[in-house]
Amino acid sequence: TSVDITDNHGKLIGDLRSACYSPHFKKAIGIAMIKEPFCKASEAGKLEIEGKTLSVKVCDLPFI
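Residues numbered from 1 in each chain as written. Predicted model: local features only at pLDDT ≥ 70, side-chain atom pairs only at ≥ 80, totals over all residues. Heavy atoms only, no water.

Undergrad: Explain the overall build of the chain here, please?
TA: Helix and strand counts for the chain come out as 0 helices and 5 strands. Principal-axis analysis of the C-alpha atoms places the extent of the chain at approximately 30 × 25 × 20 Å. Intrachain contacts of the chain at a sequence separation of at least 6 include 29% that bridge at least 24 residues. Averaging the locations of the 9 positively and 8 negatively charged side chains of the chain gives two centres separated by 5 Å. (Helix = DSSP H or I, 4+ residues; strand = E, 2+ residues; numbered from the N terminus. Contact = heavy atoms within 4.5 Å. Lys, Arg positive; Asp, Glu negative; His and termini not counted. Charge placed at Lys NZ, Arg CZ, Asp CG, Glu CD.)

Structure follows, in structure tokens:
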């Protein structure tokens, strides 16, 4: 299942498809489908997983 990603005003901007913890970055990284107007690097948003609200940021590839 996917998790909705919203902007800071609650507008739906995409959905998280997969995520895992990165020991290299010491944070979670994920793959998401983001709507065209919002898919710029450094675009910010948020999502909710298990009752916790998390901040997200769009990054350029390759991000390593």
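Undergrad: Hey, could you run me through the state of the cysteines in this one?
TA: Covalent bonding between the sulfur atoms of two cysteines is what defines a disulfide. What the rule picks out here adds up to 0 disulfides. Here C20 stays unpaired: no disulfide links it, and the sulfur of C59, its closest cysteine neighbor, is 14 Å away. Taking relative accessible area as the criterion, C20 reaches 47% and is therefore assigned partly exposed. Lacking any disulfide linkage, C39 is separated from the closest cysteine sulfur, that of C59, by 13 Å. According to the relative accessible area criterion, C39 is partly exposed, its value standing at 37%. (Disulfide = S-S within 2.5 Å. Buried < 20%, exposed > 50% of the residue type's maximum accessible area, 1.4 Å probe, protein only.)

Undergrad: Would you mind going over the confidence of the model for the chain with me for this structure?
TA: Segments scoring low in pLDDT should not have their predicted coordinates read at a detailed level. Predicted confidence across the chain gives a mean pLDDT of 91, with 97% of residues reaching 70 or more. Element-level mean pLDDT values for the chain span from 93 in strand 3 (residues 27-34) up to 96 in strand 1 (residues 3-6). (pLDDT = per-residue confidence, 0-100.)

Undergrad: In this structure, what is going on with the pairing of strand 3? I would like to understand it.
TA: For a regular strand, side-chain orientation follows a simple rule: the groups alternate between the two sheet faces. Judged by how many residues are buried, strand 3 sits mostly at the surface: 0 of 8 residues are covered. As paired strands, strand 2 (residues 12-22) and strand 3 are joined by 8 bridges and run antiparallel to one another. The residue of strand 3 that forms the bridge with G14 is I34. Once strand 2 ends, the chain turns through 4 residues before running back antiparallel as strand 3, passing K26 with a positive phi of about 60 degrees. (Pairing = 2+ DSSP bridges.)

Undergrad: Help me understand the side chain of S22, please; the structure alone is not making it clear to me.
TA: Position of S22 relative to the elements: it lies in strand 2. Polar side-chain contacts of S22 include one of 3.1 Å to the backbone nitrogen of F25. If near-sequence neighbours (up to four positions away) are discounted, S22 is found in contact with K27 and I29. (Polar contact = N/O pair within 3.5 Å; in protein donor to acceptor, adjacent residues only side chain to side chain.)

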